Amino acid sequence: MRYQPHEFYLKRCIELSRMARAGGNTPFGALLTDEDGSILLEQGNIEITENICTGHAETALAARASHIYSKEFLWKCTLYTTAEPCAMCSGAIYWANIGRVVYAMTEKRLLELTGSDEQNPTFDLPCRDVFARGQKDIRVIGPFPALEQEAAEVHKGFWNH
Ligand SMILES: [Zn+2]
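Heads up: these notes are all about the structure in this document. What you see is a predicted model, and the numbers here were worked out from it, not measured in a lab.

Here we look at the packing of helix α1 (residues 6-22) against helix α7 (residues 145-153)
Move 1: At their nearest, the axes of α1 and α7 sit 9 Å apart, and the two run at 10 degrees to each other. The angle between the axes of α1 and α7 places the two elements in the roughly parallel class. Here Glu-7, Leu-10, Lys-11, Ile-14 and Arg-18 of α1 come into contact with α7, specifically with Leu-147, Glu-150 and Ala-151.
Move 2: When grouped by side-chain class, the residues that make up the contact of α1 with α7 number 4 nonpolar, no polar and 4 charged.

Observations regarding the coordination of the zinc ion
Octahedral metal centres with six donors ideally show angles of 90 or 180 degrees, and tetrahedral centres with four donors ideally show 109.5 degrees.
Move 1: Here the zinc ion is held by His-56 (ND1), Cys-86 (SG) and Cys-89 (SG), and the distances to it run 2.1 to 2.3 Å.
Move 2: Donor residues binding the zinc ion come from one chain and are separated in sequence as H-x29-C-x2-C. Of this pair, His-56 sits in the loop between β2 (39-44) and α2 (57-68) while Cys-86 sits in the loop between β3 (78-83) and α4 (87-96); the two residues are 30 residues apart in sequence, bridging distant segments of the chain. The same class applies to His-56 as to Cys-86, namely buried.

A short note on the side chain of Asp-34
Move 1: Structurally, Asp-34 can be placed in the loop between β1 (29-33) and β2.
Move 2: Despite its burial, Asp-34 pairs with no opposite charge, the nearest such side chain being Arg-100 at 9.4 Å.
Move 3: Polar contacts involving the side chain of Asp-34 include one to the main-chain amide nitrogen of Asp-36, which spans 2.9 Å.
Move 4: In terms of polar contacts, Asp-34 uses its side chain to reach the backbone amide nitrogen of Ser-38, at 3.0 Å.
Move 5: Apart from the residues within four sequence positions on either side, Asp-34 is in contact with Tyr-3, Leu-40, Phe-73, Lys-76 and Cys-77.

What to know about the sheet that holds β3
Move 1: Reading across from one edge, β2-β1-β3-β4-β5 is the order of the 5 strands in this open sheet, with mixed pairing throughout. At either margin of the open sheet sits one strand with a lone partner, and together these are β2 and β5 (139-141). Strand-to-strand twist across the sheet, computed as the mean angle between neighbouring axes with direction ignored, equals 15 degrees.
Move 2: Strands in contact with α7 are β3 and β4 (100-105); relative to β4, the strand with the most contacts, it is inclined by about 75 degrees.

Considerations on the layout of surface pockets
Move 1: Approximately 200 Å³ is the volume attributed to the largest pocket.
Move 2: Around the largest pocket, the lining is made up of 16 residues, and of these Phe-28, His-56, Cys-86, Leu-110 and Asn-120 lie nearest the centre.
Move 3: Those elements that place two or more of their residues in the lining of the largest pocket are α2 and α5 (107-114).
Move 4: Class assignment for the residues of the lining of the largest pocket results in 8 nonpolar, 5 polar and 3 charged.

Looking at a nonpolar patch on the surface
Move 1: A cluster of nonpolar side chains, Met-1, Phe-8 and Ile-39, forms an exposed patch at the surface whose accessible area comes to about 270 Å².
Move 2: Considering the arrangement of structural elements, one finds Phe-8 in helix α1.
Move 3: We classify Phe-8 as partly exposed; its relative accessible area is 39%.

Cut-offs applied
- Residues numbered from 1 in each chain as written.
- Predicted model: local features only at pLDDT ≥ 70, side-chain atom pairs only at ≥ 80, totals over all residues.
- Heavy atoms only, no water.
- Axes fitted to C-alpha atoms, helices over the stretch in contact; angles between N-to-C directions.
- Helix = DSSP H or I, 4+ residues; strand = E, 2+ residues; numbered from the N terminus.
- Parallel < 35°, antiparallel > 145°, perpendicular 65-115°, else oblique.
- Contact = heavy atoms within 4.5 Å.
- Nonpolar A, V, L, I, M, F, W, Y, C, P; charged D, E, K, R; others polar.
- Donors = N, O, S within 2.8 Å, 3.2 Å for Na, K, Ca; no water.
- Buried < 20%, exposed > 50% of the residue type's maximum accessible area, 1.4 Å probe, protein only.
- Lys, Arg positive; Asp, Glu negative; His and termini not counted.
- Salt bridge = Lys/Arg side-chain N within 4 Å of Asp/Glu carboxyl O.
- Polar contact = N/O pair within 3.5 Å; in protein donor to acceptor, adjacent residues only side chain to side chain.
- Pairing = 2+ DSSP bridges.
- 1 Å grid on protein atoms, 1.4 Å probe; cavity = no way out; pocket = protein on both sides within 12 Å on 5 of 7 lines; lining within 4 Å.
- Points joined across faces, edges and corners; volume = space filled by probe spheres on them.
- Patch = residues over 30% accessible without salt bridge, like charges linked within 9 Å, V, L, I, M, F, W, Y side chains within 5 Å.
- Areas by Shrake-Rupley, 256 points an atom, 1.4 Å probe, with all protein chains shown as cover.

So far we have only geometry, and geometry alone does not tell us how the molecule works.
Structure (structure tokens):
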């Protein structure tokens, strides 16, 4: 597969976030591509249905990826996600050794959406800050303001705050 524009993969993540919500979870979606842009794995949030507190889409995806692929391989992969990864997910991406992250919506924007909702008391900590304190040069691309609205749309009416 030829590498598609980032927007192509982010739109698919938004679709995955829609599916996660429809399936009873919080509206987050992520996917992993190889260096040629082929989609290897897709993952929605599984926190609620699996009753797993670490079931954020990106952390679940990083865990699955590490079962299947080597760290060397994952370093050349990209994780796409609807919202900027939280501190936990940034950690999971770091430990999985995924070399690049692309997100649509900033965590700050997400925080505005979720507020202090008990299900998602969002951090106010950019993933670039988390990665900057590590020992790997993980590249981060985002936000994509043109897609932020579409990503936020899936959250409409979900959070109580
Ligand atoms: Zn997270």
